[in-house]
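What follows is the residue order along each chain.
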Amino acid sequence: MTTTARKYVGTALDRVEGMEKVTGRARYAYEHSPDELVYAVPVQAAIARGEVRAIDVQAALTIPGVIAIIWHRNAPRLAPPDNAELSVLQSARVAYRGQYIAVAVAETLQAAGDAARSLSVDYASEPHDTELRADHPGLYRPEKVNAGYPTDSEHGDPDAAMEAAPIRVDAIYSTPAEHNNPMEPHATVARWDADGLTLYDSTQGASAVRATLAALFAMPPANVRVIASHVGGGFGSKGLPLAPVVLAALAAKHVSRPVKLAVPRQQMFAVTGYRTPTIQRVRLGADADGRLTAIVHEAIEQCSTIREFVEQTTVPTRIMYAAANRRTTHRVVRLDVPTPSWMRAPGEAPGMFALESAMDELAIACGIDPVELRVRNEPDADPESGEPFSSRNLVACLREGARRFGWTDRDPTPGARLVGRTLIGTGVAASTYPAYRSPSQASARLEPDGRYTVRIAATDIGTGARTVLTQIAADALRTSPDRVTVEIGDSALPPATLAGGSMGTASWGTAVVRACEALRERVSRSGDVRSTGLEATADTKEEIGAQERLSRHAFGAQFAEVGVDVDTGETRVLRMLGVFAAGRIVNPKTARSQFIGGMTMGLSTALFEESLMDREFGDYLNRDLAQYHVAACADVRDIEAVWVEEDDPHLNPMGTKGIGEIGIVGTAAAIANAVYHATGIRIRDLPIRLDKLLR
Ligand code: MOS
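The paragraphs below set out a description of the structure included in this document. (Residues numbered from 1 in each chain as written. Predicted model: local features only at pLDDT ≥ 70, side-chain atom pairs only at ≥ 80, totals over all residues. Heavy atoms only, no water.)

Attention now goes to the environment of Thr175. You can see Thr175 is positioned in strand E10 (residues 167-175). Given the relative accessible area of 4%, Thr175 is considered buried. C-alpha of Thr175 to C-alpha of Ala634: the two residues are 459 residues apart in sequence and 24 Å apart in space. Apart from the residues lying within four places of it in its own chain, the contact partners of Thr175 are Pro277, Thr278, Gln280, Pro350, Phe353 and Leu686. Looking at Thr175, its side chain comes within polar contact range of the side chain of Thr278, at 2.5 Å. (Helix = DSSP H or I, 4+ residues; strand = E, 2+ residues; numbered from the N terminus. Buried < 20%, exposed > 50% of the residue type's maximum accessible area, 1.4 Å probe, protein only. Contact = heavy atoms within 4.5 Å. Polar contact = N/O pair within 3.5 Å; in protein donor to acceptor, adjacent residues only side chain to side chain.)

Here it is in structure tokens:
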């Protein structure tokens, strides 16, 4: 595949909807207010397992303005979904604390809230188990893991190779449950009319919401329209429709009025997914020169009793380093917990914390510089599939990062740099993320006035998707961005894949380029088109299905400098540098934001984020931003992201790899490795809290 001509791809075009956003004209889901609107406030289960025997709604219904209390006895029936999370208010069962058991609908938000709080629920409570343990008897081997990857992999004889290895690392790492907290909580405005259902929804994928809601309400997809013009972040939590959007649609149907429902921040800690906690064992065997002979990475995770979701924690280990003997596994246990789901780089983020921490431990055990150790174990081809890499520039990232960061004269001795009462250290770790592409459709139209309109049901969740698609379309049409209008965020547009898996630009861009090429072809064959306009469409299903078998991944190297207070154990990240090789960068301005956003989330993972499960209570206790800490501006000091030029012709017409997730991968390991270098204390359990350093 050759990549297309480019004039605007690669330039720092300002966000095309920037003015709309800063002037408040850009409307998010919750800001839509159809006539006859009413408000819904969801009610959550207060037990971790059991049944709702009855709900006394009398008091609620006497509150002025209250229209209905909907629960499983009176809720509209839904068709059984594949994902039982979507079976909202369909049965008496409670599978986890916080699951939706009712919704109050009223003329005002205040009345709906009062009604929700006034319900008296009679539960039949059952003993619950919400504790992930490495020796849990319920652990089992799932059929496959997220994104369809095989559960386990094995090559050679890893146990014998470990046994024979002169240098070994064998360590357990753990990562806590973490919750997505996009700025904009999940929100839906649902309206039924003669044509069916219209949803203004905060989602990463309008087409998927349409398909799912149509199936639940047993309607043709054409009778559902999902509009998501602007979305204030998602990180995966809005990747697939979950209970809230279903509840909004169901409530609107029940009361025959448009319903507005926003998920309160505290409810997001139960109903919108989270990153599973993990317990990971990594074993590395190497010769005295640090050449790996064995890699074993085994992960343990949790899911809920109603939906199996298994994060692909050890999958990135399959492609990272050369070693003849290897094993990766995933085991999961069903607990009475909320259902985990996607959170930025599911799999890669926690998995690479463990692997890249272990690589640092190996570097120390071998007495080899950690940059050099990684370079030494660079594979020629994908170590497990044997497929060639479409391009792989991890070494270039490591070298460039080492140069820019000033790594070369680093004294590896831990705990050796004391400045005042602060121990200073530096660390490095590798990043990776797959370069996926998923089928999508698009249309391109030459308008009678000579301008172009490109349509695709893509979503811009704050990444700059609308802007980069405008650049891509402008180049494909051989015109300038100001002559192109890109319409996205509406399921009525040609169907497209979701904004997830770092594959938006690659997937949508391919469809946009093909539609634009088809339009140019049509224009060149026709005469005067100005009076009627001309349109062309594209569907990339065949093109993507026919792509050659190659191992396609982005890579990166992250460097961190930390300061650890000797007296308090408080850790500050003083400096972070990420160097990435992610194919062609379409827009350096929005790309930099993606990279440093991911790295900031990685810093947050390293030092702060942790959802605390209480065994007796049966749920996560810290359920707001006062108690669940995310990195804020004051936590981020000197952070920079750069990239190495990568010209990979095997990806897509733009030559892009996707950048939404790789920034979070490896960050926590780089910081933990820097903390070790600063203090001589190896923290294998995230987050790196001061009490763990003082212990
Ligand atoms: Mo991302 S976790 O693929 O939305």
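So that's the structure; there's more coming.
The subject of this paragraph is the pairing of strand E14 (residues 259-262). Here 2 bridges tie strand E1 (residues 38-44) to E14, and the two strands are oriented parallel to one another. Bridge pairing in E14 places Tyr39 opposite Lys260. Bridge count for strand E11 (residues 187-193) against E14 is 4 bridges, and the pairing is antiparallel. Its bridge partner being in E14, Thr188 is matched across the sheet by Leu261. (Pairing = 2+ DSSP bridges.)

What follows deals with the sheet that holds strand E23 (residues 534-539). If you trace the 4 strands from one edge of the open sheet to the other, you get E22-E21-E20-E23, paired in mixed fashion. The sheet is open, and its two borders are formed by strand E22 (484-487) and E23, each paired with just one other strand. Taking each pair of neighbouring strands and ignoring which way they run, the sheet shows an average axis angle of 15°. Where strand E20 (residues 441-446) and strand E21 (residues 452-455) come together, 4 bridges link them in antiparallel fashion. Within E21, the residue paired with Ala444 across the bridge is Val454. Contacts between helix H12 (residues 465-476) and the sheet are confined to E21 and E22, with E22 contributing the most and set at about 135° to the helix. Packing against the sheet, helix H13 (residues 504-525) makes contact with E20, E21 and E23, and its axis sits at approximately 140° to E23. (Axes fitted to C-alpha atoms, helices over the stretch in contact; angles between N-to-C directions.)

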